[in-house]
Amino acid sequence: MALRIGVPRETAAGEKRVATVPDVVEKLVKLGFSVAVESGAGDAANFADDTYRAAGAQVVGSAAELWGSSDIVFKVRPPSLAEVGLMREGGTLIGFVWPAQNAELMAALQARKATVLAIDCLPRQLSRAQKMDALTSMAGISGYRAVIEAANAFGRFFNGQVTAAGKVPPAKVFIAGAGVAGLAAIGTAANLGAIVRANDTRAEVADQVKSLGGEFVKVDYEEEGSGGGGYAKVMSEGFQAAQRQMYADQAREADIIITTALIPGKPAPKLISAAMVQSMKPGSVIVDMAGEQGGNCELTVPGEAVVRHGVTIIGYTDLASRLAKQSSTLYSNNLLRLTEELCKTKDGQINVNFDDDAIRGLTVVKQGELTWPAPPIQLPAAPPKPKPAAMPAPAKGHGHGAGEPMSGQTLAIVFGVGALLFALVGLYAPASFLSHFTVFVLACFVGYMVIWNVTPSLHTPLMSVTNAISSIIAIGALVQIAPPLDAAGAANRPNALILGLAVLALALTAVNMFGGFAVTRRMLAMFRK
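Here the structure is a predicted model, which means the values were calculated and not measured. (Residues numbered from 1 in each chain as written. Predicted model: local features only at pLDDT ≥ 70, side-chain atom pairs only at ≥ 80, totals over all residues. Heavy atoms only, no water.)

1. Here's the deal with empty space enclosed by the protein
A water-sized probe, rolled over the atoms, reveals where empty space remains.
Stage number 1. Scanning all chains against the criterion turns up 1 cavity of 30 Å³ or more.
Stage number 2. In this structure, the largest cavity occupies an estimated 40 Å³ of space.
Stage number 3. What lines the largest cavity is Lys172, Val173, Phe174, Ile195, Val196, Arg197, Gln250, Glu253 and Ala254.
Stage number 4. Elements represented by at least two residues in the lining of the largest cavity include exactly strand E9 (172–176), strand E10 (195–199) and helix H9 (237–253).
Stage number 5. By residue class, the composition of the lining of the largest cavity is 5 nonpolar, 1 polar and 3 charged. (1 Å grid on protein atoms, 1.4 Å probe; cavity = no way out; pocket = protein on both sides within 12 Å on 5 of 7 lines; lining within 4 Å. Points joined across faces, edges and corners; volume = space filled by probe spheres on them. Helix = DSSP H or I, 4+ residues; strand = E, 2+ residues; numbered from the N terminus. Nonpolar A, V, L, I, M, F, W, Y, C, P; charged D, E, K, R; others polar.)

2. Concerning helix H16 (residues 496–525)
Stage number 1. Look at H16: 43 Å from first C-alpha to last across 30 residues, which is about the 44 Å you get at 1.5 Å a residue.
Stage number 2. Restricting attention to buried positions, one finds in H16 the residues Ala502, Thr509, Gly516 and Thr520. (Expected span 1.5 Å × (residues − 1). Buried < 20%, exposed > 50% of the residue type's maximum accessible area, 1.4 Å probe, protein only.)

3. A look at the pattern of salt bridges
Stage number 1. Throughout the structure, instances matching the rule amount to 23 salt bridges.
Stage number 2. Across the pair Arg53 and Asp50 runs a salt bridge whose closest N-O atoms are separated by 2.8 Å. Within this pair, Arg53 and its partner Asp50 are both found in helix H2 (residues 49–55), separated by 3 residues, close to a single helical turn.
Stage number 3. Three or more residues are tied together by salt bridges with common partners; here these are Arg128, Lys131, Glu341, Lys344 and Asp356. (Salt bridge = Lys/Arg side-chain N within 4 Å of Asp/Glu carboxyl O.)

4. Focus: the sheet that holds strand E6 (residues 115–118)
Stage number 1. Spatially, E3-E2-E1-E4-E5-E6-E18-E19 is the arrangement adopted by the 8 strands of the open sheet, whose pairing is mixed. Edge strands, defined here as strands with exactly one partner in the open sheet, are strand E3 (58–60) and strand E19 (369–370).
Stage number 2. Summarising the sheet, E6 and strand E18 (residues 363–366) pair through 2 bridges and their orientation is antiparallel. Bridging across to E18, Val116 finds its partner in Val365. (Pairing = 2+ DSSP bridges.)

5. Focus: the nonpolar core
Stage number 1. Ranked by size, the top nonpolar core spans 48 residues in total, and within it Leu28, Tyr52, Phe74, Ile94, Ile119, Tyr331 and Leu338 carry the most contacts.
Stage number 2. Contributions of two or more residues to this core are made by strand E1 (4–7), helix H1 (22–30), strand E2 (34–38), H2, strand E4 (72–74), helix H6 (134–153), helix H11 (324–342) and helix H12 (357–362).
Stage number 3. A per-element tally of this core places H11 first, with 6 residues.
Stage number 4. In this view, Tyr331 contacts Ala19, Lys75, Val76, Gly95, Phe96, Ile119, Ala134 and Met138; residues no more than four positions away in its chain are not counted. (Core = buried A, V, L, I, M, F, W, Y, C linked by side-chain atoms within 4.5 Å. Contact = heavy atoms within 4.5 Å.)

6. Thoughts on the sheet that holds strand E11 (residues 215–216)
Hydrogen bonds between backbone groups are what pair the strands of a sheet, and the pairing can be parallel or antiparallel.
Stage number 1. Pairing in this open sheet of 7 strands is mixed, and the strands run E11-E10-E9-E14-E15-E17-E16 from one edge to the other. Where the open sheet ends on each side, the last strands, each with one partner, are E11 and strand E16 (305–308).
Stage number 2. In this structure, E9 lies alongside strand E14 (residues 256–259), joined through 4 bridges in parallel fashion. Residue Ile175 lies in a different strand from E14, and its bridge partner there is Ile258.
Stage number 3. Along the sheet face, H6 touches E14, strand E15 (285–288) and strand E17 (311–314) and points at about 155° away from the line of E15. (Axes fitted to C-alpha atoms, helices over the stretch in contact; angles between N-to-C directions.)

7. Side note on the packing of H6 against H11
Stage number 1. Taken N-terminus to C-terminus, the directions of H6 and H11 make an angle of 165°; their axes are 9 Å apart at the nearest point. Between H6 and H11, the crossing angle belongs to the class labelled roughly antiparallel. Relative to H11, H6 is oriented so that their crossing is right-handed. Each of Ala134, Ser137, Met138 and Ile141 in H6 lies in contact with H11, whose residues at this interface are Gln326, Ser327, Leu330, Tyr331 and Asn334.
Stage number 2. Grouping the amino acids of the contact of H6 with H11 by side-chain chemistry returns 5 nonpolar, 4 polar and no charged. (Parallel < 35°, antiparallel > 145°, perpendicular 65-115°, else oblique. Left-handed = near helix turned anticlockwise from the far one by under 90°.)

8. Regarding the environment of Asn199
Stage number 1. With respect to the secondary-structure elements, Asn199 resides in strand E10.
Stage number 2. With a relative accessible area of 2%, Asn199 lands in the buried category.
Stage number 3. Each C-alpha atom, one on Asn199 and one on Lys218, is 6.4 Å from the other, the two residues being 19 residues apart in sequence.
Stage number 4. In this view, Asn199 contacts Phe174, Ile175, Ala176, Gly177, Ala178, Phe216, Val217, Lys218, Val219, Gln243, Met246 and Tyr247; residues no more than four positions away in its chain are not counted.
Stage number 5. Of note is the side chain of Asn199, whose polar atom sits 2.8 Å from the backbone oxygen of Val217. (Polar contact = N/O pair within 3.5 Å; in protein donor to acceptor, adjacent residues only side chain to side chain.)

Structure follows, in C-alpha coordinates:
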(Lines give C-alpha, C1' and ligand atoms only; values in the text may rest on other atoms or scores of the structure.)
Protein backbone atom coordinates (compact mmCIF):
# COMPACT_ATOMS: atom_id res chain seq x y z
CA MET A 1 0.00 0.00 0.00
CA ALA A 2 1.31 3.43 -0.94
CA LEU A 3 2.51 5.67 1.87
CA ARG A 4 0.82 8.96 2.61
CA ILE A 5 2.76 12.23 2.68
CA GLY A 6 1.30 14.94 4.91
CA VAL A 7 2.04 18.67 4.67
CA PRO A 8 0.91 20.59 7.76
CA ARG A 9 0.52 24.32 8.15
CA GLU A 10 3.64 25.88 9.67
CA THR A 11 3.00 27.05 13.24
CA ALA A 12 6.19 29.07 13.89
CA ALA A 13 5.48 32.77 14.33
CA GLY A 14 5.81 34.68 11.05
CA GLU A 15 6.56 31.58 8.95
CA LYS A 16 4.86 31.84 5.55
CA ARG A 17 6.51 28.97 3.69
CA VAL A 18 4.92 25.64 2.94
CA ALA A 19 6.84 22.39 2.48
CA THR A 20 5.21 21.33 -0.81
CA VAL A 21 3.66 23.28 -3.68
CA PRO A 22 0.98 22.04 -6.12
CA ASP A 23 3.43 21.42 -8.99
CA VAL A 24 5.45 19.08 -6.77
CA VAL A 25 2.30 17.31 -5.50
CA GLU A 26 1.71 16.02 -9.04
CA LYS A 27 5.24 14.56 -9.17
CA LEU A 28 4.89 12.94 -5.74
CA VAL A 29 1.68 11.27 -6.91
CA LYS A 30 3.54 9.93 -9.95
CA LEU A 31 6.07 8.37 -7.55
CA GLY A 32 3.19 6.36 -6.08
CA PHE A 33 2.47 8.38 -2.91
CA SER A 34 -0.82 9.87 -1.78
CA VAL A 35 -0.56 13.45 -0.55
CA ALA A 36 -2.57 15.27 2.12
CA VAL A 37 -2.32 18.99 2.87
CA GLU A 38 -3.71 20.79 5.89
CA SER A 39 -6.29 23.39 4.93
CA GLY A 40 -4.68 26.83 4.64
CA ALA A 41 -1.11 25.48 4.67
CA GLY A 42 -0.20 27.35 1.48
CA ASP A 43 -2.31 30.48 1.92
CA ALA A 44 0.58 32.69 3.12
CA ALA A 45 2.64 31.63 0.08
CA ASN A 46 -0.27 32.23 -2.34
CA PHE A 47 -1.08 28.55 -2.88
CA ALA A 48 -4.81 28.09 -2.32
CA ASP A 49 -6.41 24.82 -1.21
CA ASP A 50 -8.11 24.44 -4.58
CA THR A 51 -4.76 24.38 -6.39
CA TYR A 52 -3.69 21.45 -4.19
CA ARG A 53 -6.92 19.62 -4.92
CA ALA A 54 -6.44 20.17 -8.65
CA ALA A 55 -2.94 18.69 -8.36
CA GLY A 56 -4.24 15.52 -6.77
CA ALA A 57 -3.84 16.20 -3.04
CA GLN A 58 -6.45 15.71 -0.35
CA VAL A 59 -7.09 18.77 1.83
CA VAL A 60 -7.77 17.92 5.48
CA GLY A 61 -9.30 20.25 8.01
CA SER A 62 -7.12 19.91 11.12
CA ALA A 63 -3.51 19.41 12.12
CA ALA A 64 -4.42 16.47 14.37
CA GLU A 65 -6.06 14.63 11.48
CA LEU A 66 -3.15 15.30 9.15
CA TRP A 67 -0.38 14.29 11.59
CA GLY A 68 -2.27 11.20 12.72
CA SER A 69 -3.01 9.91 9.22
CA SER A 70 0.34 10.61 7.52
CA ASP A 71 3.15 8.09 7.19
CA ILE A 72 5.60 10.80 6.13
CA VAL A 73 5.43 14.46 7.17
CA PHE A 74 7.12 17.24 5.20
CA LYS A 75 7.96 20.29 7.32
CA VAL A 76 9.88 23.53 6.93
CA ARG A 77 10.56 24.59 10.53
CA PRO A 78 11.32 22.03 13.27
CA PRO A 79 8.07 20.70 14.75
CA SER A 80 6.92 21.81 18.18
CA LEU A 81 6.63 19.28 20.99
CA ALA A 82 2.84 19.50 20.63
CA GLU A 83 3.12 18.55 16.94
CA VAL A 84 5.40 15.62 17.80
CA GLY A 85 2.68 14.43 20.18
CA LEU A 86 0.25 14.31 17.22
CA MET A 87 2.66 12.32 15.07
CA ARG A 88 1.89 8.71 14.17
CA GLU A 89 4.18 6.34 16.07
CA GLY A 90 6.88 4.98 13.76
CA GLY A 91 6.25 7.73 11.19
CA THR A 92 8.84 9.63 9.20
CA LEU A 93 9.64 13.35 9.45
CA ILE A 94 11.55 15.25 6.76
CA GLY A 95 12.52 18.90 7.19
CA PHE A 96 14.78 21.25 9.11
CA VAL A 97 15.49 19.86 12.60
CA TRP A 98 18.83 21.32 13.79
CA PRO A 99 19.63 18.41 16.12
CA ALA A 100 22.56 20.15 17.83
CA GLN A 101 20.28 22.95 19.07
CA ASN A 102 17.13 20.91 19.80
CA ALA A 103 18.00 18.14 22.28
CA GLU A 104 14.49 18.09 23.78
CA LEU A 105 12.90 17.76 20.34
CA MET A 106 15.26 14.92 19.45
CA ALA A 107 14.31 13.04 22.64
CA ALA A 108 10.60 13.47 21.87
CA LEU A 109 11.06 12.14 18.32
CA GLN A 110 12.96 9.13 19.64
CA ALA A 111 10.12 8.42 22.06
CA ARG A 112 7.71 8.31 19.10
CA LYS A 113 10.00 5.73 17.42
CA ALA A 114 10.17 8.10 14.47
CA THR A 115 12.56 8.14 11.53
CA VAL A 116 13.84 11.69 11.07
CA LEU A 117 15.69 13.02 8.02
CA ALA A 118 17.10 16.47 8.86
CA ILE A 119 17.60 18.38 5.63
CA ASP A 120 20.05 20.66 7.47
CA CYS A 121 22.40 17.70 8.03
CA LEU A 122 22.86 16.93 4.34
CA PRO A 123 26.55 16.27 3.53
CA ARG A 124 27.07 19.28 1.29
CA GLN A 125 30.50 18.12 0.13
CA LEU A 126 28.85 15.45 -2.01
CA SER A 127 28.29 16.77 -5.51
CA ARG A 128 25.26 14.51 -6.05
CA ALA A 129 23.62 16.03 -2.95
CA GLN A 130 23.36 19.50 -4.50
CA LYS A 131 19.87 18.86 -5.86
CA MET A 132 18.68 18.18 -2.27
CA ASP A 133 20.59 21.07 -0.65
CA ALA A 134 17.82 23.16 0.90
CA LEU A 135 20.34 25.15 2.95
CA THR A 136 21.84 26.51 -0.26
CA SER A 137 18.42 27.23 -1.76
CA MET A 138 17.25 29.16 1.29
CA ALA A 139 20.58 30.97 1.73
CA GLY A 140 20.46 32.27 -1.84
CA ILE A 141 16.96 33.65 -1.30
CA SER A 142 17.95 35.17 2.05
CA GLY A 143 20.96 36.91 0.50
CA TYR A 144 18.79 38.45 -2.19
CA ARG A 145 16.16 39.54 0.33
CA ALA A 146 18.80 41.05 2.62
CA VAL A 147 19.74 43.52 -0.11
CA ILE A 148 16.08 44.36 -0.73
CA GLU A 149 15.58 45.04 3.00
CA ALA A 150 18.71 47.21 3.02
CA ALA A 151 17.47 49.17 0.00
CA ASN A 152 14.12 49.69 1.71
CA ALA A 153 15.78 51.12 4.84
CA PHE A 154 18.44 53.11 2.97
CA GLY A 155 17.61 56.70 2.08
CA ARG A 156 19.19 56.84 -1.37
CA PHE A 157 19.58 55.09 -4.69
CA PHE A 158 22.04 52.24 -4.92
CA ASN A 159 23.37 53.33 -8.32
CA GLY A 160 25.08 56.63 -8.94
CA GLN A 161 23.17 59.16 -11.02
CA VAL A 162 23.82 62.56 -12.55
CA THR A 163 20.60 64.53 -12.92
CA ALA A 164 19.58 68.13 -13.45
CA ALA A 165 18.82 68.27 -9.73
CA GLY A 166 22.31 67.16 -8.75
CA LYS A 167 24.69 64.23 -8.55
CA VAL A 168 23.87 61.08 -6.55
CA PRO A 169 26.91 59.01 -5.54
CA PRO A 170 26.62 55.20 -5.68
CA ALA A 171 26.00 53.40 -2.41
CA LYS A 172 28.94 51.57 -0.87
CA VAL A 173 28.01 48.07 0.30
CA PHE A 174 30.27 45.85 2.40
CA ILE A 175 29.37 42.17 2.76
CA ALA A 176 30.98 40.09 5.51
CA GLY A 177 31.05 36.48 4.41
CA ALA A 178 30.98 35.23 0.83
CA GLY A 179 29.17 31.92 1.17
CA VAL A 180 25.99 31.21 -0.77
CA ALA A 181 24.03 34.00 0.95
CA GLY A 182 26.90 36.46 0.66
CA LEU A 183 27.42 35.76 -3.03
CA ALA A 184 23.70 36.21 -3.69
CA ALA A 185 23.85 39.55 -1.88
CA ILE A 186 26.94 40.62 -3.83
CA GLY A 187 25.30 39.87 -7.17
CA THR A 188 22.06 41.64 -6.21
CA ALA A 189 23.76 44.76 -4.86
CA ALA A 190 26.11 44.99 -7.85
CA ASN A 191 23.18 44.64 -10.26
CA LEU A 192 21.47 47.54 -8.48
CA GLY A 193 24.53 49.68 -9.22
CA ALA A 194 26.24 49.81 -5.82
CA ILE A 195 29.98 49.67 -5.24
CA VAL A 196 30.33 46.29 -3.53
CA ARG A 197 33.16 45.05 -1.35
CA ALA A 198 33.26 41.70 0.40
CA ASN A 199 35.44 39.65 2.70
CA ASP A 200 35.62 35.99 3.65
CA THR A 201 38.07 33.87 5.61
CA ARG A 202 38.22 31.47 2.64
CA ALA A 203 40.63 32.93 0.12
CA GLU A 204 39.32 30.71 -2.68
CA VAL A 205 36.09 32.72 -2.95
CA ALA A 206 37.92 35.86 -4.08
CA ASP A 207 37.46 34.99 -7.76
CA GLN A 208 33.74 34.37 -7.22
CA VAL A 209 33.36 37.78 -5.58
CA LYS A 210 35.09 39.48 -8.52
CA SER A 211 33.04 37.56 -11.08
CA LEU A 212 29.84 38.94 -9.53
CA GLY A 213 31.05 42.53 -9.73
CA GLY A 214 32.46 42.92 -6.23
CA GLU A 215 35.88 43.75 -4.84
CA PHE A 216 37.46 41.25 -2.46
CA VAL A 217 38.93 42.89 0.65
CA LYS A 218 41.72 40.77 2.06
CA VAL A 219 42.65 40.63 5.73
CA ASP A 220 46.32 41.44 6.24
CA TYR A 221 47.00 38.11 7.92
CA GLU A 222 47.80 34.75 6.32
CA GLU A 223 45.59 31.88 7.52
CA GLU A 224 43.37 29.36 5.73
CA GLY A 225 39.73 29.67 6.80
CA SER A 226 37.91 26.83 5.06
CA GLY A 227 36.17 24.52 7.53
CA GLY A 228 34.72 22.05 5.01
CA GLY A 229 31.12 21.48 3.98
CA GLY A 230 30.79 25.02 2.64
CA TYR A 231 31.35 26.67 6.03
CA ALA A 232 34.17 28.68 7.55
CA LYS A 233 36.12 27.61 10.62
CA VAL A 234 36.96 29.46 13.83
CA MET A 235 40.04 31.57 13.15
CA SER A 236 43.03 32.28 15.40
CA GLU A 237 43.11 35.30 17.69
CA GLY A 238 45.76 36.96 15.52
CA PHE A 239 43.57 36.69 12.44
CA GLN A 240 40.52 37.92 14.34
CA ALA A 241 42.39 41.03 15.52
CA ALA A 242 43.46 41.86 11.94
CA GLN A 243 39.92 41.16 10.76
CA ARG A 244 38.40 43.50 13.36
CA GLN A 245 40.68 46.29 12.18
CA MET A 246 39.63 45.72 8.58
CA TYR A 247 35.94 45.73 9.57
CA ALA A 248 36.45 48.98 11.48
CA ASP A 249 37.96 50.60 8.38
CA GLN A 250 35.12 49.36 6.17
CA ALA A 251 32.44 50.48 8.65
CA ARG A 252 33.63 54.08 8.43
CA GLU A 253 33.35 54.03 4.62
CA ALA A 254 30.33 51.81 3.97
CA ASP A 255 26.73 52.94 3.66
CA ILE A 256 25.38 49.39 4.03
CA ILE A 257 26.88 46.35 5.78
CA ILE A 258 25.43 42.86 5.31
CA THR A 259 26.79 40.13 7.60
CA THR A 260 26.37 36.42 6.87
CA ALA A 261 28.97 34.69 9.07
CA LEU A 262 27.88 31.42 10.73
CA ILE A 263 29.83 28.46 12.11
CA PRO A 264 27.92 25.15 12.52
CA GLY A 265 26.98 24.32 16.09
CA LYS A 266 28.28 27.62 17.52
CA PRO A 267 26.82 31.07 18.19
CA ALA A 268 27.31 33.58 15.40
CA PRO A 269 30.71 35.32 15.70
CA LYS A 270 30.60 38.99 16.68
CA LEU A 271 32.11 40.91 13.80
CA ILE A 272 30.61 44.41 14.15
CA SER A 273 31.12 46.05 17.53
CA ALA A 274 29.09 48.89 19.01
CA ALA A 275 32.05 51.21 18.40
CA MET A 276 32.02 50.30 14.69
CA VAL A 277 28.29 51.05 14.51
CA GLN A 278 28.89 54.41 16.15
CA SER A 279 31.58 55.22 13.56
CA MET A 280 29.18 54.70 10.65
CA LYS A 281 27.51 57.59 8.87
CA PRO A 282 23.98 58.51 10.05
CA GLY A 283 21.40 56.82 7.84
CA SER A 284 23.57 53.78 7.23
CA VAL A 285 22.09 50.27 7.37
CA ILE A 286 23.28 46.93 8.78
CA VAL A 287 21.48 43.73 7.78
CA ASP A 288 22.49 40.95 10.16
CA MET A 289 21.61 37.67 8.47
CA ALA A 290 22.92 35.70 11.46
CA GLY A 291 20.26 37.15 13.77
CA GLU A 292 18.69 33.76 14.50
CA GLN A 293 22.00 32.55 15.98
CA GLY A 294 22.60 35.70 18.03
CA GLY A 295 23.81 38.01 15.28
CA ASN A 296 27.16 39.18 13.95
CA CYS A 297 26.59 42.67 15.34
CA GLU A 298 26.69 43.41 19.06
CA LEU A 299 23.60 45.63 18.81
CA THR A 300 21.40 43.28 16.76
CA VAL A 301 17.97 42.44 18.19
CA PRO A 302 16.92 39.11 16.62
CA GLY A 303 13.68 39.38 14.67
CA GLU A 304 13.55 43.18 14.80
CA ALA A 305 14.83 46.30 13.05
CA VAL A 306 16.23 48.87 15.49
CA VAL A 307 18.04 52.19 15.18
CA ARG A 308 21.25 52.68 17.14
CA HIS A 309 23.53 55.73 16.80
CA GLY A 310 21.58 56.74 13.69
CA VAL A 311 22.18 53.36 12.04
CA THR A 312 19.31 50.99 11.18
CA ILE A 313 20.19 47.44 12.28
CA ILE A 314 17.96 44.76 10.73
CA GLY A 315 18.01 41.41 12.49
CA TYR A 316 15.10 39.67 10.77
CA THR A 317 15.12 35.88 11.15
CA ASP A 318 12.60 35.19 8.39
CA LEU A 319 14.31 36.58 5.29
CA ALA A 320 13.55 33.48 3.19
CA SER A 321 9.96 33.51 4.42
CA ARG A 322 9.56 37.07 3.15
CA LEU A 323 9.76 35.61 -0.35
CA ALA A 324 7.40 32.78 0.57
CA LYS A 325 6.27 31.70 -2.89
CA GLN A 326 9.78 31.50 -4.30
CA SER A 327 11.33 29.84 -1.27
CA SER A 328 8.47 27.32 -0.96
CA THR A 329 8.91 26.33 -4.60
CA LEU A 330 12.66 25.75 -4.26
CA TYR A 331 12.35 23.98 -0.92
CA SER A 332 9.65 21.63 -2.18
CA ASN A 333 11.84 20.77 -5.17
CA ASN A 334 14.68 19.88 -2.78
CA LEU A 335 12.34 17.56 -0.85
CA LEU A 336 11.12 16.04 -4.11
CA ARG A 337 14.68 15.16 -5.13
CA LEU A 338 15.25 13.59 -1.72
CA THR A 339 12.04 11.60 -2.06
CA GLU A 340 13.18 10.34 -5.46
CA GLU A 341 16.35 9.03 -3.81
CA LEU A 342 14.29 7.34 -1.09
CA CYS A 343 11.80 5.84 -3.56
CA LYS A 344 13.79 4.69 -6.57
CA THR A 345 11.25 1.96 -7.29
CA LYS A 346 8.44 4.57 -7.72
CA ASP A 347 5.98 2.40 -5.81
CA GLY A 348 5.08 4.81 -3.01
CA GLN A 349 7.50 3.18 -0.53
CA ILE A 350 10.71 4.63 0.92
CA ASN A 351 14.00 2.94 1.72
CA VAL A 352 16.27 4.73 4.21
CA ASN A 353 19.44 3.15 2.87
CA PHE A 354 22.49 3.72 5.06
CA ASP A 355 24.78 2.58 2.25
CA ASP A 356 23.98 5.89 0.56
CA ASP A 357 26.25 8.55 2.09
CA ALA A 358 23.74 11.35 1.46
CA ILE A 359 20.85 9.47 3.11
CA ARG A 360 23.08 8.36 6.00
CA GLY A 361 24.14 11.94 6.67
CA LEU A 362 20.53 13.18 6.62
CA THR A 363 19.17 10.53 8.99
CA VAL A 364 19.41 11.69 12.62
CA VAL A 365 16.89 9.21 14.09
CA LYS A 366 15.95 5.83 12.60
CA GLN A 367 12.97 4.00 14.08
CA GLY A 368 13.55 5.66 17.44
CA GLU A 369 17.31 5.04 17.52
CA LEU A 370 19.61 8.08 17.57
CA THR A 371 21.92 7.98 14.53
CA TRP A 372 23.28 11.52 14.74
CA PRO A 373 25.97 12.58 14.15
CA ALA A 374 26.75 10.52 11.06
CA PRO A 375 30.25 9.10 10.67
CA PRO A 376 32.63 11.18 8.52
CA ILE A 377 32.33 10.57 4.81
CA GLN A 378 35.36 8.98 3.23
CA LEU A 379 35.82 11.01 0.09
CA PRO A 380 37.91 9.43 -2.67
CA ALA A 381 41.52 10.50 -2.64
CA ALA A 382 42.56 13.01 -5.26
CA PRO A 383 44.16 11.30 -8.25
CA PRO A 384 47.96 11.61 -8.30
CA LYS A 385 49.37 14.17 -10.64
CA PRO A 386 50.69 12.55 -13.80
CA LYS A 387 54.44 12.50 -14.13
CA PRO A 388 55.76 14.75 -16.86
CA ALA A 389 56.34 12.77 -20.01
CA ALA A 390 59.95 12.22 -20.98
CA MET A 391 61.14 14.34 -23.89
CA PRO A 392 61.27 12.20 -27.04
CA ALA A 393 64.65 11.71 -28.58
CA PRO A 394 65.22 13.76 -31.71
CA ALA A 395 64.32 11.86 -34.86
CA LYS A 396 67.20 10.75 -36.99
CA GLY A 397 67.36 11.56 -40.66
CA HIS A 398 66.80 14.67 -42.71
CA GLY A 399 63.03 15.08 -42.12
CA HIS A 400 61.44 17.10 -39.34
CA GLY A 401 58.61 16.24 -36.99
CA ALA A 402 55.77 18.38 -35.67
CA GLY A 403 57.10 21.44 -33.88
CA GLU A 404 60.68 20.64 -34.97
CA PRO A 405 62.62 23.20 -37.01
CA MET A 406 63.58 22.33 -40.56
CA SER A 407 67.02 20.93 -41.10
CA GLY A 408 69.46 22.98 -43.16
CA GLN A 409 69.25 20.59 -46.09
CA THR A 410 65.43 20.70 -46.21
CA LEU A 411 65.42 24.50 -46.00
CA ALA A 412 67.89 24.67 -48.91
CA ILE A 413 65.68 22.39 -51.00
CA VAL A 414 62.56 24.50 -50.33
CA PHE A 415 64.34 27.73 -51.26
CA GLY A 416 65.85 26.05 -54.35
CA VAL A 417 62.44 24.94 -55.60
CA GLY A 418 61.03 28.40 -54.94
CA ALA A 419 63.88 30.09 -56.83
CA LEU A 420 63.38 27.71 -59.77
CA LEU A 421 59.68 28.59 -59.95
CA PHE A 422 60.43 32.31 -59.88
CA ALA A 423 63.02 31.83 -62.67
CA LEU A 424 60.50 30.01 -64.84
CA VAL A 425 57.91 32.76 -64.26
CA GLY A 426 60.49 35.42 -65.14
CA LEU A 427 61.61 33.67 -68.34
CA TYR A 428 58.25 32.76 -69.86
CA ALA A 429 55.57 35.03 -68.34
CA PRO A 430 54.53 38.30 -70.04
CA ALA A 431 56.11 41.47 -68.72
CA SER A 432 52.74 42.83 -67.54
CA PHE A 433 52.08 39.66 -65.55
CA LEU A 434 55.57 39.73 -64.01
CA SER A 435 55.08 43.18 -62.53
CA HIS A 436 51.72 42.21 -61.00
CA PHE A 437 53.16 38.93 -59.72
CA THR A 438 56.03 40.75 -58.01
CA VAL A 439 53.58 43.12 -56.31
CA PHE A 440 51.44 40.14 -55.23
CA VAL A 441 54.37 38.31 -53.63
CA LEU A 442 55.60 41.42 -51.82
CA ALA A 443 52.05 42.19 -50.68
CA CYS A 444 51.69 38.68 -49.24
CA PHE A 445 54.95 39.03 -47.33
CA VAL A 446 54.28 42.57 -46.06
CA GLY A 447 50.65 41.73 -45.23
CA TYR A 448 51.69 38.65 -43.25
CA MET A 449 54.26 40.65 -41.25
CA VAL A 450 51.80 43.48 -40.59
CA ILE A 451 48.86 41.29 -39.55
CA TRP A 452 50.64 38.92 -37.19
CA ASN A 453 52.63 41.68 -35.48
CA VAL A 454 49.56 43.67 -34.43
CA THR A 455 49.49 43.69 -30.60
CA PRO A 456 46.00 43.26 -29.06
CA SER A 457 45.25 46.20 -26.80
CA LEU A 458 41.55 46.67 -26.06
CA HIS A 459 40.61 43.93 -28.51
CA THR A 460 40.80 40.20 -28.61
CA PRO A 461 43.55 38.80 -30.87
CA LEU A 462 40.89 37.77 -33.38
CA MET A 463 39.51 41.31 -33.60
CA SER A 464 43.02 42.75 -33.93
CA VAL A 465 43.83 40.43 -36.84
CA THR A 466 40.54 41.10 -38.64
CA ASN A 467 41.05 44.85 -38.26
CA ALA A 468 44.56 44.53 -39.72
CA ILE A 469 43.22 42.54 -42.68
CA SER A 470 40.45 45.07 -43.16
CA SER A 471 43.01 47.89 -43.21
CA ILE A 472 45.01 46.22 -45.98
CA ILE A 473 41.83 45.62 -47.98
CA ALA A 474 40.84 49.27 -47.51
CA ILE A 475 44.24 50.46 -48.77
CA GLY A 476 43.98 48.20 -51.83
CA ALA A 477 40.48 49.46 -52.56
CA LEU A 478 41.62 53.10 -52.31
CA VAL A 479 44.46 52.42 -54.74
CA GLN A 480 41.96 51.00 -57.24
CA ILE A 481 39.57 53.93 -56.81
CA ALA A 482 42.31 56.57 -57.15
CA PRO A 483 45.19 54.93 -59.09
CA PRO A 484 48.57 56.67 -59.33
CA LEU A 485 49.33 58.91 -62.33
CA ASP A 486 51.28 57.60 -65.29
CA ALA A 487 54.40 59.21 -66.79
CA ALA A 488 52.27 61.69 -68.76
CA GLY A 489 50.41 62.78 -65.64
CA ALA A 490 47.16 61.09 -66.57
CA ALA A 491 45.26 58.75 -64.27
CA ASN A 492 44.62 55.19 -65.42
CA ARG A 493 40.98 54.91 -64.51
CA PRO A 494 39.76 51.34 -63.83
CA ASN A 495 36.74 49.97 -65.59
CA ALA A 496 33.31 50.06 -63.97
CA LEU A 497 33.43 46.51 -62.60
CA ILE A 498 36.75 47.00 -60.78
CA LEU A 499 35.61 50.38 -59.48
CA GLY A 500 32.36 48.89 -58.17
CA LEU A 501 34.14 46.03 -56.42
CA ALA A 502 36.62 48.47 -54.84
CA VAL A 503 33.83 50.69 -53.51
CA LEU A 504 31.97 47.65 -52.12
CA ALA A 505 35.16 46.33 -50.44
CA LEU A 506 35.81 49.75 -48.92
CA ALA A 507 32.26 49.97 -47.55
CA LEU A 508 32.34 46.49 -46.03
CA THR A 509 35.74 46.94 -44.37
CA ALA A 510 34.63 50.30 -42.96
CA VAL A 511 31.58 48.64 -41.39
CA ASN A 512 33.77 45.88 -39.94
CA MET A 513 36.38 48.26 -38.51
CA PHE A 514 34.07 50.89 -37.04
CA GLY A 515 31.61 48.24 -35.85
CA GLY A 516 34.43 46.47 -34.01
CA PHE A 517 35.41 49.67 -32.20
CA ALA A 518 31.77 50.40 -31.34
CA VAL A 519 31.26 46.92 -29.87
CA THR A 520 34.49 47.24 -27.86
CA ARG A 521 33.36 50.57 -26.48
CA ARG A 522 30.02 49.12 -25.37
CA MET A 523 31.77 46.17 -23.73
CA LEU A 524 34.05 48.48 -21.76
CA ALA A 525 31.09 50.64 -20.71
CA MET A 526 29.54 47.63 -18.99
CA PHE A 527 32.37 47.61 -16.45
CA ARG A 528 32.23 51.31 -15.62
CA LYS A 529 30.31 52.56 -12.58
